[in-house]
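Residues per chain, in single letters:
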Amino acid sequence: MDREPVNRSDQSSRTGDAGRSDSTNRSSPEFNRRDFLRGSGAAMAATAMAVAATEQQAAAQQQAAKVVSAAPHPVKLNVNGVDLTLTVEPRVLLIDALRNDLNLTGCKDVCDRTNCGACTVLIDGKPVYACSRLVMDVEGQKIVTSESLLSPTKTDDVVTNFCKHDGMQCGFCTPGFVMAVRGYCNQNPKATVDDCRKGLGGNICRCGTYAGVLQAAFDTAQTATPIAKGGA
Ligand code: FES
Ligand code: FES
């Protein structure tokens, strides 16, 4: 279809430019692109500043909501299947709460800086250094310690296999290794010795019992009941 040629001067009068003041009238000789950009830029900057101020205010409110006082707080925990409430200061580490408040001394405080694995416990099924978590950060999660592996009626396979393969000497690293093996094998049943070696890379034994530990881990993996991967 043929279109009628557009007359630009006609168009400006149709869009109402004729009724504008001189300073904003596009047909005015005093209006130019630079003025327009300057005005738009100022408006955009003002809007951006307003948005930034609102976001900063929201972030400050969120931060204020997260801040807790240094006074002891009640924290609900599930340890070895038992629900309990501990009243602890927010700075308390999980390893200290387990050892000092709950008398669960299986996890050892050896390096105290997330290097050796002697403090390993399971949190929601996954091996975690207890010296790296605050108690208040594990509220509502399932914590399992080495004490859970022995009961009057049942001994966990991992304990049997450590004894069978002599996977310990001084024993400081052993509870951490035992829990790391339990967690790794639950998530990787039928793992090979090489898999186990990689899976236990976060635990150190100063006495050099790795051969026995690896054999115990391999045997444990062959009979492990698979559980879903994931967790903390
Ligand atoms: S004591 Fe926690 S990693 Fe060494
Ligand atoms: S058995 Fe001694 S540090 Fe491992």
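Everything that follows concerns the structure shown earlier in this document.
What comes next concerns the included structure. Predicted, not measured: the structure shown is a model, and the values here were computed from it. Sequence positions are assigned chain by chain, starting from 1 and proceeding in written order. Throughout, the order in which chains and ligands are written sets their labels, letters from A for the former and numbers from 1 for the latter. In view of the model being predicted, local features appear only for residues whose pLDDT reaches at least 70, and side-chain atom pairs are presented and counted only at 80 or more, with totals across whole chains, interfaces and linings using the full set of residues.

1. Topic: the nonpolar core
This is how the line gets drawn: By convention the nonpolar core is taken to be a set of buried residues drawn from Ala, Val, Leu, Ile, Met, Phe, Trp, Tyr and Cys and joined through C-beta atoms within 7 Å. Here a residue counts as buried when 20 or more other C-beta atoms fall within 10 Å of its C-beta, as exposed when 12 or fewer do, and as partly exposed in between; the C-beta atoms come from the backbone. Numbering of helices and strands runs from the N terminus, with a helix taken as a DSSP run of H or I at least four residues long and a strand as a DSSP run of E at least two residues long.
With 48 residues, the main nonpolar core has Val121, Ala130, Val181 and Ala217 as its most contacted residues. Among the elements of the structure, strand S1 (73-79), helix H3 (94-101), strand S3 (120-123), strand S4 (126-129), strand S5 (142-144), helix H4 (157-164), helix H5 (174-187) and helix H7 (210-223) are those that each provide at least two residues to this core. In terms of residue count, the dominant contributor to this core is H5 (seven residues).

2. Considering H5
Residue pairs spaced three or four apart in an α-helix point in one direction, given the helix's 3.6 residues per turn. Selection rule: A helix is expected to span 1.5 Å for every residue after the first.
End to end, H5 covers 20 Å across 14 residues, agreeing with the expected 20 Å (1.5 Å per residue, within 8%). The buried count for H5 comes to 14 of 14 residues, which makes it a mostly enclosed element.

3. Quick notes on unusual backbone geometry
Despite not being glycine, Asn103 has its phi angle at roughly 55°, a positive value. As for its position among the elements, Asn103 is in the loop between H3 and S3. You can call Asn103 exposed: it has 8 C-beta atoms within 10 Å. With phi around 55°, Asp166 is a residue other than glycine that occupies positive phi space.

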